Amino acid sequence: MYTTELDKTAGSAAAPVAVEDPALLAAFEARVANDEFIEPKDWMPEAYRRTLTRQISQHAHSEIVGMLPEGNWLTRAPSLKRKAILLAKIQDEGGHGLYLYCAAETLGTSREQMIEALHTGKAKYSTIFNYPTLNWADIGAIGWLVDGAAIMNQVPLQRTSYGPYARAMVRVCKEESFHQRQGYDLLLEMMKGTPEQRAMVQDAMNRWWWPSLMMFGPPDDNSPNSAQSIRWRIKRETNDELRQKFVDATVPQAELLGISVPDPDLQWNEERGHYDFGAIDWNEFYAVVRGEGPVARERMKARRAAWDEGAWVREAAAAWEARQAARRAAAA
Amino acid sequence: MSKDWPLWEVFVRARGGLEHRHAGSVHAPDAELALRHARDTYTRRMEGVSLWVVRSADIVASDPDQAGELFEPAASKVYRHPTFYDLPDAVKHM
């Protein structure tokens, strides 16, 4: 799973650069321009730290919230095999969230602060998870499309300039391929089934296609922080470049599956060597970013409930350690 | 003051004969749970045969701002490298 940078608070990243020590800033700019990795204890501009903290923590939140639409289907999986696969995938998403929280923590924000920002609604996560999973084919579509879009985004992030983020991405990318393949495999199997099952696959495609394209974030001409993020090698490719790559890779897969893409304007452009595709409804995107997604409230309610209901486990573990520590102290 | 559990650094030995390498970190209240979390987080696909965990606070690190001076002697003492010595071609296997 992946989140692109969603907060577009005015001037949040650009303004404070001026107050940095010019010599340190110049040395930093030279290092990133030279494709060197920045490590936690290295000097970095505040705006770099802030942009990365936001991007990595949003990415982590997306992995964690991403478990919810899938968890919904665990007890409804059609076979033990599919249930085991789905469990493994969900466990991976939790793991991805943990790698990313750890990477974000190296920038000086605590886990507690990040979790709290998620639970109070201050932090964003990928818009894609505020859409409902209505039929079993949605689980396949999430693996194929949503994780497919995530892979497009995450592969270049393996070379992002911040070392801990890049290393987390290497680990995530290794596991993500399984997620996409199991989703496509699930859909292939349904396409061999009854007309009703094939209709379920098409229905899932119709609902997930556009939100998947939106996952790459706003168009380049409306993505104010992109230029700086690219100069600092946080991002390696622009939103529109990645979106185009995803469309080009995915349309033939839809054809192979035997379903249509819900876009009447979609057609191969021989001259460009790319697919042309229809206009994205950015009003919908921004509404979902604002928290107006179809199941946004339900997701946060489920997330907070999971946290609260797990509190006794955390408390018990802490109490156990406190008692052990007291015993060690008494024995010493 | 953060209520987070302490942070532990995780080191994984990929297979017998190899060294433990840093894989990432986990939060845990004690060493035993740190190992369990490390197992779940970093070795879901046979990535390792052995795990180490150590409290992050116990790691002493060199200062990146001092890296220049700290590691400079390696560059100025070229005679530490075998290629410094220009031997006759007649010398074999050295």
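Remember, it's a predicted structure, so these values are computed and weren't measured experimentally.

The rules behind the values
- Residues numbered from 1 in each chain as written.
- Chains lettered and ligands numbered in written order.
- Predicted model: local features only at pLDDT ≥ 70, side-chain atom pairs only at ≥ 80, totals over all residues.
- Heavy atoms only, no water.
- Helix = DSSP H or I, 4+ residues; strand = E, 2+ residues; numbered from the N terminus.
- Buried < 20%, exposed > 50% of the residue type's maximum accessible area, 1.4 Å probe, protein only.
- Contact = heavy atoms within 4.5 Å.
- Areas by Shrake-Rupley, 256 points an atom, 1.4 Å probe, with all protein chains shown as cover.
- Rg over C-alpha atoms; globule rule 2.2 N^0.38 Å.
- Axes fitted to C-alpha atoms, helices over the stretch in contact; angles between N-to-C directions.
- Parallel < 35°, antiparallel > 145°, perpendicular 65-115°, else oblique.
- Salt bridge = Lys/Arg side-chain N within 4 Å of Asp/Glu carboxyl O.
- Pairing = 2+ DSSP bridges.
- Buried area = accessible area lost by both parts, 1.4 Å probe.
- Polar contact = N/O pair within 3.5 Å; in protein donor to acceptor, adjacent residues only side chain to side chain.
- Nonpolar A, V, L, I, M, F, W, Y, C, P; charged D, E, K, R; others polar.
- Phe/Tyr/Trp six-rings, centres within 6.5 Å; stacked < 30°, edge-to-face > 60°.
- Core = buried A, V, L, I, M, F, W, Y, C linked by side-chain atoms within 4.5 Å.
- pLDDT = per-residue confidence, 0-100.
- Left-handed = near helix turned anticlockwise from the far one by under 90°.

Helix and strand counts for chain A come out as 12 helices and two strands. Going from the N terminus to the C terminus, chain A shows its helices and strands as α-α-α-α-α-α-α-α-α-β-β-α-α-α. When its C-alpha atoms are laid out on the principal axes, chain A stretches across 70 × 55 × 35 Å. Sorting the 332 residues of chain A into buried and exposed places 53% on the buried side. Considering only contacts in chain A between residues 6 or more positions apart, those separated by 24 or more positions represent 80%. Surface accessibility of chain A: about 14,900 Å² in total, with carbon and sulfur atoms responsible for 57%.

Moving on to the overall build of chain B. For chain B, the count of helices and strands is two helices and three strands. Taken from N to C terminus, the helices and strands of chain B fall in the order β-β-α-β-α. Taken over C-alpha atoms, the radius of gyration comes to 21 Å for chain B, far larger than the 12 Å a tight globule of 94 residues would show. Considered along the principal axes of its C-alpha atoms, chain B spans approximately 65 × 35 × 15 Å. Sorting the 94 residues of chain B into buried and exposed places 23% on the buried side.

All names here are of chain A. One can describe the packing of helix α2 (residues 46–71) onto helix α11 (residues 296–309) by two numbers: an axis separation of 10 Å at closest approach and a directional angle of 105°. Relative to α11, α2 is oriented roughly perpendicular. Contacts from I64, V65, L68 and P69 of α2 reach α11 at R299, M300, A302 and R303.

Turning to the pattern of salt bridges, a few remarks are in order. Residues and elements named next belong to chain A. In total, this model carries 27 salt bridges over all chains according to the counting rule given. For the salt bridge of R111 with E105, the shortest nitrogen-to-oxygen distance reads 2.8 Å. Each of the salt bridges in this network shares a partner with another, and the network as a whole consists of E70, K89, E93 and D147.

Next up on the list: the pairing of strand β2 (residues 20–27) of chain B. Most of β2(B) is tucked away: six of the eight residues are buried. Turn length for the strand β1 (residues 7–13) of chain B-β2(B) hairpin, with the two strands adjacent in sequence and antiparallel, is six residues, and the turn residue G17(B) shows positive phi of about 100°.

A few words on the interface of chain B and chain A. Tallying the contact residues gives 21 residues for chain B and 21 residues for chain A. Summing the contributions of chain B and of chain A, the shared interface buries around 1,700 Å²; its carbon and sulfur component is 47%. For the pair chain B and chain A, the interface holds five salt bridges. Among the ionic pairs, R45(B) bridges to D92(A), the shortest N-O distance being 2.4 Å. Where chain B meets chain A, there are 11 residue pairs in polar contact (both at pLDDT 80 or more). Where the side of chain B that touches chain A is concerned, the elements lending two or more residues are β2 and α1 (31–42) of chain B. When the residues that make up the side of chain B that touches chain A are grouped by side-chain class, the tally is 10 nonpolar, four polar and seven charged.

Residue and element names in this part refer to chain A. According to the stated counting rule, one finds 16 aromatic pairs over all chains in the structure shown. Seen from their ring centres, F216 and F246 are 5.5 Å apart, and the 45° between their planes marks the pair as tilted. Pair noted here: F216 is in the loop between α7 (195–214) and α8 (226–231) and F246 is in helix α9 (residues 239–257), with a separation of 30 residues, a long-range link. According to the relative accessible area criterion, F216 is buried, its value standing at 0%.

Next up on the list: the nonpolar core. Residues and elements named next belong to chain A. In terms of nonpolar packing, the biggest core is built from 88 residues, with Y48, I56, W144, Y162, W208 and W209 touching the most fellow members. No other element matches helix α5 (residues 136–157), which puts 10 residues into this core. Apart from the residues lying within four places of it in its own chain, the contact partners of Y48 are F28, I38, S161, Y162, W232 and I234.

This brings us to the confidence of the model for chain B. Confidence in the prediction for chain B averages 92 pLDDT; 98% of positions are at 70 or higher. Summarising per-element confidence for chain B, the mean pLDDT is lowest in helix α2 (residues 67–76) of chain B (83) and highest in strand β3 (residues 50–55) of chain B (98).

Take the packing of helix α3 (residues 80–105) of chain A against helix α6 (residues 163–191) of chain A next. All names here are of chain A. Orientation of α3 relative to α6, taken along the N-to-C sense of each, is 160°, at an axis distance of 10 Å. With respect to each other, α3 and α6 are oriented roughly antiparallel. The way α3 lies across α6 gives a crossing that is left-handed. By residue class, the composition of the contact of α3 with α6 is 12 nonpolar, three polar and 10 charged.

So, about the sheet that holds β3(B). Residues and elements named next belong to chain B. Taking strand neighbours across the sheet as the criterion, the three strands line up as β2-β1-β3 in an open arrangement whose pairing is antiparallel. The sheet is open, and its two borders are formed by β2 and β3, each paired with just one other strand. Taking the axes of each pair of neighbouring strands and ignoring which way they run, one obtains an average angle of 30° across the sheet. In terms of strand pairing, β1 meets β3 through six bridges, oriented antiparallel. Opposite R13, over in β3, you have S50 as the bridge partner.

For the rest of this paragraph, the subject is the confidence of the model for chain A. Looking at chain A, the pLDDT average stands at 92 and 95% of residues meet or exceed 70. Confidence drops under a pLDDT of 50 for residues 8–17 of chain A, and excluding neighbours within four residues, the segment shows 19 contacts in the predicted structure.

Let's shift gears to unusual backbone geometry. For R233(A), which is not a glycine, the phi torsion comes out positive at approximately 60°. Topologically, R233(A) is positioned in the loop between α8 and α9. A residue is classified by how much of its surface remains accessible, and R233(A), at 23% relative accessible area, is partly exposed. A positive phi is found at M46(B), a non-glycine position, where the angle reads about 55°. Inspection of the secondary structure assignment puts M46(B) in the loop between α1 and β3.

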